[in-house]
Amino acid sequence: MEYAVVDVETTGLDPTRDRVIDIGILLVDSTGLVQGDWSSLVNPQRPVDATFIHGLTDEDVEPAPAFSLLLPRVVELLRGRAVVAHNASFDIGFLNAEFARARYPVTIPRAAGVCTMDQSRIYLPPGRHNLAACLERAGITLPVKHRSIADAQCSAALLAHYLETELSGVRYADTAQDRHGNLVLPREWERAAEAARSIQWLDIADLGPATLNS
């Protein structure tokens, strides 16, 4: 199984109301090696609002394409791959919301994702679980910039660390609970691979021009 490590920056925290303004995707092989990357700013067609988090302004994203115009490339990169992100529910939730706005009738199930935040409870010593804290405990020196491609690189580095740690037979817990009290199991990537294979991705060309409506 190959992975698509995703990070999105957004106008806020609610995918039903807020929009993606920056998306980065790294393609990673089964060993954790990065094979390629892609990123783009996105015009959210509404005010940015959350500039204090990522530094992006309305002027930065105004000339960028709408998400619907990026949809063919995003689908191409995600197709057949498990989605990896730090706080995967957040990124997958925003992807699905943008798919729906673009009238693309595919939903990525959370089960097809690997959450590097959740897996930190298994493969890292106890501590905080934000991206910077996880990187520090893993001994990874990449900076957290709150920009999509940079933070996707951080998540990819954590995934590679977890894969290597599991291969070495090292765990700090056999099970854990996420911040919502849900059970966290090791080797989430194996279950995500099966779920990712079950997604019936549709070709954009087969859906007609209405798909690209924003």
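Placed above this text is the structure.
Given the structure is predicted, the values throughout are model-derived calculations rather than measurements.

Parameters and conventions
Residues numbered from 1 in each chain as written. Predicted model: local features only at pLDDT ≥ 70, side-chain atom pairs only at ≥ 80, totals over all residues. Heavy atoms only, no water. Helix = DSSP H or I, 4+ residues; strand = E, 2+ residues; numbered from the N terminus. Contact = heavy atoms within 4.5 Å. Axes fitted to C-alpha atoms, helices over the stretch in contact; angles between N-to-C directions. Left-handed = near helix turned anticlockwise from the far one by under 90°. Nonpolar A, V, L, I, M, F, W, Y, C, P; charged D, E, K, R; others polar. Expected span 1.5 Å × (residues − 1). Buried < 20%, exposed > 50% of the residue type's maximum accessible area, 1.4 Å probe, protein only. Core = buried A, V, L, I, M, F, W, Y, C linked by side-chain atoms within 4.5 Å. Salt bridge = Lys/Arg side-chain N within 4 Å of Asp/Glu carboxyl O. Pairing = 2+ DSSP bridges. Phe/Tyr/Trp six-rings, centres within 6.5 Å; stacked < 30°, edge-to-face > 60°.

A. The environment of V144, seen in detail. The residue V144 is located in the loop between α6 (131–138) and α7 (148–167) in this model. For V144 and A132, which are 12 residues apart along the polypeptide, the C-alpha to C-alpha distance reads 6.1 Å. Once residues lying within four places of it in the same chain are set aside, the contact partners of V144 are L131, A132, L135, D151 and C154.

B. Examining the packing of helix α5 (residues 116–123) against α7 more closely. Between α5 and α7, the shortest axis-to-axis distance is 10 Å and the interhelical angle comes to 30°. By crossing handedness, the relation of α5 to α7 is classed as left-handed. Here α5 contributes T116, Q119, S120 and Y123 to the contact with α7, which in turn contributes S155, L158, L159, H161, Y162, T165 and E166. Its residues assigned to classes, the contact of α5 with α7 shows four nonpolar, six polar and one charged.

C. A look at helix α4 (residues 88–101). In a regular helix each residue adds 1.5 Å, so 14 residues correspond to 20 Å; α4 covers 20 Å between its end C-alpha atoms and thus fits that length. For α4, the set of buried residues is A88, D91, I92, F94, L95, N96, A97, E98 and F99. Buried residues along α4 sit in contact with β1 (3–10), β2 (20–28), α3 (67–78), β4 (82–85) and β5 (113–115). Count one or two residues on from α4 and you reach R103, which has phi positive near 60°.

D. Here's a closer look at the nonpolar core. Counting 62 residues, the largest nonpolar core has I23, I25, V74, L78, F99, I108 and W201 as the members making the most contacts within it. For this core, the leading source of residues is α7, giving eight residues. Ignoring sequence-local partners within four residues, the contact set of W201 consists of V75, L78, R79, G80, F99, Y104, V106 and I108.

E. Spatial organisation of the pattern of salt bridges. What the rule picks out here adds up to 17 salt bridges. With its nearest N and O atoms 3.3 Å apart, the salt bridge here joins R17 to D14. The exposed category is assigned to R17, whose relative accessible area is 54%. Residue class for D14 comes out partly exposed when judged on its relative accessible area of 25%. As a salt-bridge pair, D22 and R147 come within 2.9 Å of each other at their nearest N and O atoms. Taken as a pair, D22 in strand β2 and R147 in the loop between α6 and α7 lie far apart in primary sequence, 125 residues in all.

F. Just the sheet that holds β4, in detail. Read across the open sheet, the five strands follow the order β3-β2-β1-β4-β5; overall the sheet is mixed. Each of the sheet's edge strands pairs with one partner strand only, and the pair in question is β3 (34–41) and β5. Between one strand and the next, the sheet's axes are offset by a mean angle of 25°, whatever the strand orientation. Taken strand by strand, α4 contacts β1, β2, β4 and β5, and its axis lies near 80° from that of β1.

G. Structural context of the packing of aromatic side chains. Applying the stated criterion across every chain yields a total of seven aromatic pairs. A ring pair is formed by F90 and F94, whose centres lie 4.9 Å apart and whose planes are at 50°; its orientation type is tilted. Placement of both F90 and F94 in helix α4 is noted, with a separation of four residues, approximately one turn of the helix. Among the residues examined, F90 registers a relative accessible area of 23% and is labelled partly exposed. The exposure class of F94 is buried, given its relative accessible area of 0%. Ring pairs connect the aromatic residues F67, F99, Y104 and W201, which therefore count as one cluster.

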